[in-house]
Amino acid sequence: MADLDEIYNTRILELAGAISHTERLEHADARATAHSKLCGSTVTIDLALRDGRVSDYGQSVKACLLGQASASVMAREIVGSTPDELHAVARKMRAMLKDGGPPPAGRWADLATLEPVRNYKARHASTLLVFDAVESALDDIAAGRDAAVAGQ
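Below you will find a few notes about this structure. The model shown is predicted, which means the values in this text are computed figures rather than measured ones.

Some thoughts on the pairing of strand β3 (residues 53-62)
The side chains of a regular strand alternate between both faces of the sheet. Across nine bridges, strand β2 (residues 42-50) lies against β3 in antiparallel orientation. Residue pairing for β3: L49 is matched across the bridge by V54. Linking two consecutive strands that pair antiparallel, namely β2 and β3, is a turn of two residues; a positive phi of about 50° is found at D51 within it.

Structural notes on the side chain of T44
Along the chain, T44 falls in strand β2. By relative accessible area, which is 14% here, T44 ends up buried. There is a polar contact of 2.9 Å between the side chain of T44 and the side chain of T33. Not counting chain neighbours up to four residues away, the residues in contact with T44 comprise R24, A32, T33, G58, Q59 and S60.

Quick look at the sheet that holds strand β1 (residues 30-35)
Across the sheet, which stays open at both edges, the three strands sit in the order β1-β2-β3 with antiparallel pairing between neighbours. Of all strands in the sheet, those bounded by a partner on one side alone are β1 and β3. Strand-to-strand twist in this sheet, taken as the mean axis angle between neighbours without regard to direction, amounts to 20°.

Details of the environment of R50
Along the chain, the position of R50 falls in strand β2. Among all residues touching R50, those that are not within four sequence positions of it are D29 and S55.

A short note on the packing of helix α2 (residues 10-17) against helix α3 (residues 65-77)
Angle between the axes and distance between the axes are the two parameters that describe a pair of packed helices. Remark: α2 packs on α3, axes separated minimally by 7 Å, with the N-to-C direction vectors making an angle of 60°. Looking at the two axes, α2 sits oblique to α3. For the pair α2 and α3, the crossing hand works out as left-handed. Along its contact with α2, which presents R11, I12, L13, L15 and A16, the element α3 presents L65, L66, Q68, A69, S72, V73 and R76. Classifying every residue of the contact of α2 with α3 gives eight nonpolar, two polar and two charged.

Digging into the environment of N119
Looking at the secondary structure, you find N119 in the loop between α4 (83-99) and α5 (124-150). Here the alpha-carbon distance between N119 and I7, two residues 112 residues apart in the chain, equals 9.6 Å.

Examining the side chain of S41
Residue position: S41 is located in the loop between β1 and β2. Within the structure, the side chain of S41 is placed 3.4 Å from the backbone nitrogen of C64, a separation counted as a polar contact. Among residues more than four places away in sequence, those in contact with S41 are A34, H35, S36, K62, A63, C64, S126 and L129.

So, how was this worked out
Residues numbered from 1 in each chain as written. Predicted model: local features only at pLDDT ≥ 70, side-chain atom pairs only at ≥ 80, totals over all residues. Heavy atoms only, no water. Pairing = 2+ DSSP bridges. Helix = DSSP H or I, 4+ residues; strand = E, 2+ residues; numbered from the N terminus. Buried < 20%, exposed > 50% of the residue type's maximum accessible area, 1.4 Å probe, protein only. Polar contact = N/O pair within 3.5 Å; in protein donor to acceptor, adjacent residues only side chain to side chain. Contact = heavy atoms within 4.5 Å. Axes fitted to C-alpha atoms, helices over the stretch in contact; angles between N-to-C directions. Parallel < 35°, antiparallel > 145°, perpendicular 65-115°, else oblique. Left-handed = near helix turned anticlockwise from the far one by under 90°. Nonpolar A, V, L, I, M, F, W, Y, C, P; charged D, E, K, R; others polar.

What follows is the structure in structure tokens.
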């Protein structure tokens, strides 16, 4: 079992302290909020897509250090990502925490810092909030486009 000091390490503090995109978007294609009933953490995101890629992003993060660290990495890497890439990194994070899978790699490699959280189920929800919110917003955008196509 990981020690709590392993979870709340210097790198987590650095990531949480470097959170960006904290301004909400006036004109978003979708907005979503994810809330953890267990700890009370909340992440609200605004997302804009252009040409199949995230073109702008904003977030309001009221979460513990783990939720802040996840949101920090998301904010740093999301612009330019495709919905498929974002769904894949969310699946990878859930697998890492819940099934002992490997952490995301490439530009998302800083998420590996959160790997010790897998041993603390009570902290999974806050760590995954930003992924839940982003996927919810992407699903809303996809549903709107599917409805528009069906209506033509």
